[in-house]
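A look at the structure
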Amino acid sequence: MGARSKSRKRALDILFESEAQSLPPGGSMADRIAEGDYPVNEYAVALIEGVVRHRDRLDEIITENAKDWTLDRMPAVDRNLLRIGAYEILYVDDVPDAVAVSEAVGLAGELSTDESPSFINGLLSRIVELKPTLTA
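In this report, we go over the structure that sits alongside the text. (Residues numbered from 1 in each chain as written. Predicted model: local features only at pLDDT ≥ 70, side-chain atom pairs only at ≥ 80, totals over all residues. Heavy atoms only, no water.)

1. Points about the overall build of the chain
A tally of helices and strands in the chain yields 6 helices and 0 strands. Counting from the amino terminus, helix and strand elements in the chain follow one another as α-α-α-α-α-α. Relative to the compact-globule value of 14 Å for 136 residues, the chain shows a C-alpha radius of gyration of 14 Å, a close match. Counting only C-alpha atoms, the chain reaches 40 × 30 × 30 Å along its principal axes. The buried share of the chain, taken over its 136 residues, is 46%. Considering only contacts within the chain whose residues lie at least 6 apart along the sequence, 69% involve residues at least 24 apart. In the form shown here, the chain has an accessible surface area of approximately 7,000 Å², with 52% of it arising from carbon and sulfur atoms. One finds the centroid of the 15 positive side-chain charges in the chain at a distance of 1 Å from the centroid of its 24 negative side-chain charges. (Helix = DSSP H or I, 4+ residues; strand = E, 2+ residues; numbered from the N terminus. Rg over C-alpha atoms; globule rule 2.2 N^0.38 Å. Buried < 20%, exposed > 50% of the residue type's maximum accessible area, 1.4 Å probe, protein only. Contact = heavy atoms within 4.5 Å. Areas by Shrake-Rupley, 256 points an atom, 1.4 Å probe, with all protein chains shown as cover. Lys, Arg positive; Asp, Glu negative; His and termini not counted. Charge placed at Lys NZ, Arg CZ, Asp CG, Glu CD.)

Structure follows, in structure tokens:
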């Protein structure tokens, strides 16, 4: 697993953990960094901070394009993977869109339901398709 793949997994872990503990988005990041036994590198921090900064817009785009699904109905892992993937697609210029989609789908295959990879692939692919018309 490459460094950025590990960073995405760490970002997902922290976003998921914060949500599960009813903390603010990314709220457990400072604790994880301070502990030192849970490596949180620069790219993971950038992803978490980016998702937190743009969360309202990311959630709006995800909600508008999720057919018959609300954010609350989605598994928490999927919801946070979609936020990370959409953030990379819309705001991170040095990550190709196909890589952002592939990485999110891969993590969904490892960590979520059997249906999650195809759901995430379809939704993020739709966001890639709409990207030129979306305002970040």
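Next, the rest of the story.
2. Structural notes on unusual backbone geometry
Unlike most non-glycine residues, Asp 68 shows phi in positive territory, near 60 degrees. Mapped onto the secondary structure, Asp 68 falls in the loop between α3 (42–65) and α4 (76–91).

3. Re the pattern of salt bridges
Applying the stated criterion to the full structure yields 12 salt bridges. In this structure, the salt-bridge partner of Glu 103 is Arg 8, at a minimum N-O distance of 3.6 Å. Pair noted here: Glu 103 is in helix α5 (residues 97–111) and Arg 8 is in helix α1 (residues 3–20), with a separation of 95 residues, a long-range link. Glu 103 sits in the partly exposed class, given a relative accessible area of 21%. Residue class for Arg 8 comes out buried when judged on its relative accessible area of 4%. Of the charged contacts, one joins Lys 9 and Asp 13 as a salt bridge, the two residues approaching to 2.9 Å between their closest N and O atoms. In this pair, Lys 9 and Asp 13 both sit in helix α1, 4 residues apart, roughly one turn of the helix. Relative accessible area serves as the criterion here: at 22%, Lys 9 is assigned to the partly exposed category. (Salt bridge = Lys/Arg side-chain N within 4 Å of Asp/Glu carboxyl O.)

4. Looking at the packing of α3 against helix α6 (residues 116–130)
At their nearest, the axes of α3 and α6 sit 10 Å apart, and the two run at 105 degrees to each other. Comparing the axis directions of α3 and α6 gives the class roughly perpendicular. In contact with Ile 61, Ile 62 and Asn 65 of α3, α6 contributes Leu 123, Arg 126, Ile 127 and Leu 130. Tallied by class, residues from the contact of α3 with α6 come to 5 nonpolar, 1 polar and 1 charged. (Axes fitted to C-alpha atoms, helices over the stretch in contact; angles between N-to-C directions. Parallel < 35°, antiparallel > 145°, perpendicular 65-115°, else oblique. Nonpolar A, V, L, I, M, F, W, Y, C, P; charged D, E, K, R; others polar.)

5. Some words on α4
Between its terminal C-alpha atoms α4 stretches 22 Å, which fits the 22 Å expected from 16 residues at 1.5 Å a residue. In terms of burial, α4 is largely enclosed, as 14 of its 16 residues are buried. (Expected span 1.5 Å × (residues − 1).)

6. Concerning the packing of α1 against α4
Look at α1 against α4: their axes get within 9 Å of each other, and the N-to-C directions meet at 130 degrees. Relative to α4, α1 is oriented oblique. Crossing geometry of α1 relative to α4 is assigned as right-handed. Facing Arg 8, Ala 11, Leu 12, Leu 15, Phe 16 and Glu 19 of α1, the residues of α4 in contact are Ala 76, Val 77, Arg 79, Asn 80, Leu 81, Arg 83, Ile 84 and Glu 88. For the contact of α1 with α4, the class distribution of residues is 8 nonpolar, 1 polar and 5 charged. (Left-handed = near helix turned anticlockwise from the far one by under 90°.)

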